[in-house]
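Results of the structural survey
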Amino acid sequence: MKKSILILMMILVFVLAACGRGQEEFETVRDTVIPVSATKQMYTISVLLPDDTLEQTFSDLDEVHVYQQEDGAYEVYTQILTNMGVEDALRTLTGQDSETLTVLKTDRCGLPEYRTSWYTMSEQGGRVHRASVLYDGSVCYCVSFSMPEENTEAWSKSMQTILDSISLNPVES
């Protein structure tokens, strides 16, 4: 079963790679959430992703959705963290305390938005990360972008477009 899924995914990648590359096109993806409380309005996260971004269906965590550019140039994560404050959400996303991060606070969708960026190093090399957290008082709606350091120049515009496209849509009861 796993081999057939892997083979189908590889065929899909080859077919998509064979398609001509024109102007970069974006599509909207949504992550559905289960309400924490019947009295609290919950939202889905919507974000525009380029057409060559595929959802990684083998993600182990149901609450985290991982989207990867077909050539592996970047990854986008959407995650909804419930019953957590902004500082805890930033720690969960970055692995760092908020005091070590530069956090820009703005507003989006009528909620406070917290944006930050950070750098990590591993055996594979350096990675550049950016994240946006929208907070409604008890739920953090998070979108983060990660790419290898060498891809920064080529993909920084896409990263900005993706993070600027974040919107929240009410979950219908």
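Source: prediction; values computed, not measured.

Digging into the confidence of the model for the protein
A low pLDDT score tells you not to read the predicted coordinates there in detail. Mean pLDDT over the protein: 80, with 73% of residues reaching 70 or higher. Of all the helices and strands in the protein, helix α1 (residues 2-18) carries the lowest mean pLDDT, 54, while strand β8 (residues 125-135) carries the highest, 95. In this model, residues 34-39 is a region of pLDDT below 50 whose contacts with residues beyond four sequence positions or in other chains number 6 contacts.

Section: the side chain of histidine 129
Relative to the helices and strands, histidine 129 resides in strand β8. Its relative accessible area of 11% is what places histidine 129 among the buried residues. A distance of 2.8 Å separates the side chain of histidine 129 from the side chain of threonine 120, its partner in a polar contact. There is a polar contact of 3.2 Å between the side chain of histidine 129 and the side chain of serine 146.

Considerations on the sheet that holds strand β9 (residues 139-148)
Taken in spatial order, the 7 strands of this open sheet run β3-β4-β5-β9-β8-β7-β6, and their pairing is antiparallel. Looking at which strands have only one partner, the edges of the open sheet turn out to be β3 (53-55) and β6 (104-108). The sheet shows a mean angle of 25° between the axes of neighbouring strands, taken without regard to direction. Sheet analysis places strand β7 (residues 111-122) next to β8, joined by 10 bridges and oriented antiparallel. Bridged to arginine 115 within β8 is serine 132. Contacts between helix α3 (residues 152-164) and the sheet are confined to β4 (64-69), β5 (75-82), β6, β7, β8 and β9, with β9 contributing the most and set at about 165° to the helix.

Scoring rules and cut-offs
- Residues numbered from 1 in each chain as written.
- Predicted model: local features only at pLDDT ≥ 70, side-chain atom pairs only at ≥ 80, totals over all residues.
- Heavy atoms only, no water.
- pLDDT = per-residue confidence, 0-100.
- Helix = DSSP H or I, 4+ residues; strand = E, 2+ residues; numbered from the N terminus.
- Contact = heavy atoms within 4.5 Å.
- Buried < 20%, exposed > 50% of the residue type's maximum accessible area, 1.4 Å probe, protein only.
- Polar contact = N/O pair within 3.5 Å; in protein donor to acceptor, adjacent residues only side chain to side chain.
- Pairing = 2+ DSSP bridges.
- Axes fitted to C-alpha atoms, helices over the stretch in contact; angles between N-to-C directions.

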